[in-house]
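Spelled out, the chains give:
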Amino acid sequence: MDKIAVLIPCYNEAKTIAKVIMDFQAVLPEAVIYVYDNNSSDGTDKIAKDAGAVVRYEFQQGKGNVIRRMFAEVHARCYVMVDGDDTYPAEDARKMTECILNRNADMVVGDRLSSTYFEENNRRFHNFGNDLVRKVIRFLFQNEIKDIMTGYRAFSYRFVKTFPVLSQGFEIETEMSIHAIDKNMQIENVVCNYRNRPEGSESKLNTYADGIKVILTILKFFRTYRPMKFFSMIAVCLAAISTAFLVPVFHEYFKTGLVPNFPTLIVCGFVMLAALYALFSGLVLQTIYQKNRQDFEIELYRVSKELYCEKGE
């Protein structure tokens, strides 16, 4: 088992990958640097090998697929994940690894948004999207993560080996953040500088398409991890609609003793039943969620014991 593993998912980063590897070799000389090539066509893998990295491959396209492969194959006490585009300085990696190794953190977030991100990033919708995602997740999940979508993070062994990767693309960072929040992992923020991509290096992130995927991912995990809140909101909305249309019907009935709008009455009745179904669905799913949390804690104990045995403690 490695003490520190630096994980670099790459797709066509020939212009920057050698510098990223050398920077991390200088800052973390004891680390093993893994570059996972995701069908690059510009010789990224050869440049990474020549720079001294361990190069492996993931042939299913998408950052989420690459991270799933990395987390399954690499075993280390501390993991540092960074993009291969040279936008994150290696100098901050030591502080991040110390949080994992000395403070028992499970995930350390390289916080760009509290430093130079908004000045360096020249894609204004990226800025807007990062800020929106941070605020939405803070509202829905109550947390103190400063930068939800950063690609610069450090992880503990028990986080990596208990994290079920479901996302295939760039929404993976959002999934990681929500998973850590939901499972009560110890999360720390380390402010890091951000620099824009060097000239000739292009972002693989599609602002609109990937932004929509991220929003849908947040909603999906809100439904999964907060089922009572999710379905209660639906129940309240349906009940409010039903009540709003029922009031005039009942008003007319108490005034004249007649119900002239039977179709409205019937539809409102069904809408109110749907509200009750939503409420009870939330109750059932909340019970299932609670059982899953208990099972996860048991799995966490198993993985922690595995790590201690590996360390000889």
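Residues numbered from 1 in each chain as written. Predicted model: local features only at pLDDT ≥ 70, side-chain atom pairs only at ≥ 80, totals over all residues. Heavy atoms only, no water.

Peer 1: So, the overall build of the protein chain: which residues are in play, and what are the values?
Peer 2: On a plain count of helices and strands, the protein chain comes out with 11 helices and seven strands. Seen through its principal axes, the protein chain has C-alpha atoms that stretch 90 × 50 × 35 Å. Put simply, the protein chain has 313 residues, and 46% of those count as buried. Counting contacts in the protein chain only where the partners sit at least 6 residues apart, residues at least 24 apart contribute 76% of the total. For the protein chain, the accessible area works out to roughly 15700 Å², and carbon and sulfur atoms hold 59% of it. Averaged over its 38 positive side-chain charges, the protein chain has a centre that lies 4 Å from the centre of its 38 negative ones. (Helix = DSSP H or I, 4+ residues; strand = E, 2+ residues; numbered from the N terminus. Buried < 20%, exposed > 50% of the residue type's maximum accessible area, 1.4 Å probe, protein only. Contact = heavy atoms within 4.5 Å. Areas by Shrake-Rupley, 256 points an atom, 1.4 Å probe, with all protein chains shown as cover. Lys, Arg positive; Asp, Glu negative; His and termini not counted. Charge placed at Lys NZ, Arg CZ, Asp CG, Glu CD.)

Peer 1: Which residues make up the side chain of Thr-87, and what are the values?
Peer 2: Turning to its location among the elements, Thr-87 is positioned in the loop between β4 (76-81) and α4 (93-103). A distance of 2.8 Å separates the side chain of Thr-87 from the side chain of Asp-85, its partner in a polar contact. (Polar contact = N/O pair within 3.5 Å; in protein donor to acceptor, adjacent residues only side chain to side chain.)

Peer 1: Quick one: what's the story with a nonpolar patch on the surface, residue by residue and with numbers?
Peer 2: On the surface, Phe-262, Ile-266, Phe-270, Leu-273, Leu-276, Tyr-277, Leu-279, Phe-280 and Leu-283 cluster together into a nonpolar patch covering about 940 Å² of accessible area. Along the chain, Phe-262 falls in helix α11 (residues 262-311). (Patch = residues over 30% accessible without salt bridge, like charges linked within 9 Å, V, L, I, M, F, W, Y side chains within 5 Å. Salt bridge = Lys/Arg side-chain N within 4 Å of Asp/Glu carboxyl O.)

Peer 1: Go over the nonpolar core with me, naming the residues and quoting the values.
Peer 2: Nonpolar side chains in soluble globular proteins tend to be buried together. The biggest cluster of nonpolar side chains holds 43 residues, and the ones touching the most others in it are Phe-71, Tyr-79, Phe-155, Phe-159 and Met-176. Leave out the neighbours within four places in its chain, and Tyr-79 touches Ala-5, Leu-7, Val-74, Arg-153, Ala-154, Phe-155, Ser-156, Tyr-157, Val-160 and Lys-161. Grouped together as the second largest cluster of nonpolar side chains are 32 residues, Ile-4, Ile-8, Ala-53 and Val-55 included. (Core = buried A, V, L, I, M, F, W, Y, C linked by side-chain atoms within 4.5 Å.)

Peer 1: Give a description of unusual backbone geometry that names residues and reports values.
Peer 2: A positive phi angle is found at Asn-12, which is not glycine, with a value near 55°. By secondary structure assignment, the location of Asn-12 is in the loop between β1 (2-10) and α1 (17-27). Even without a glycine there, the phi angle at Asp-86 is positive, about 65°. Mapped onto the elements, Asp-86 comes out in the loop between β4 and α4. Assessed through its relative accessible area of 10%, Asp-86 is described here as buried.

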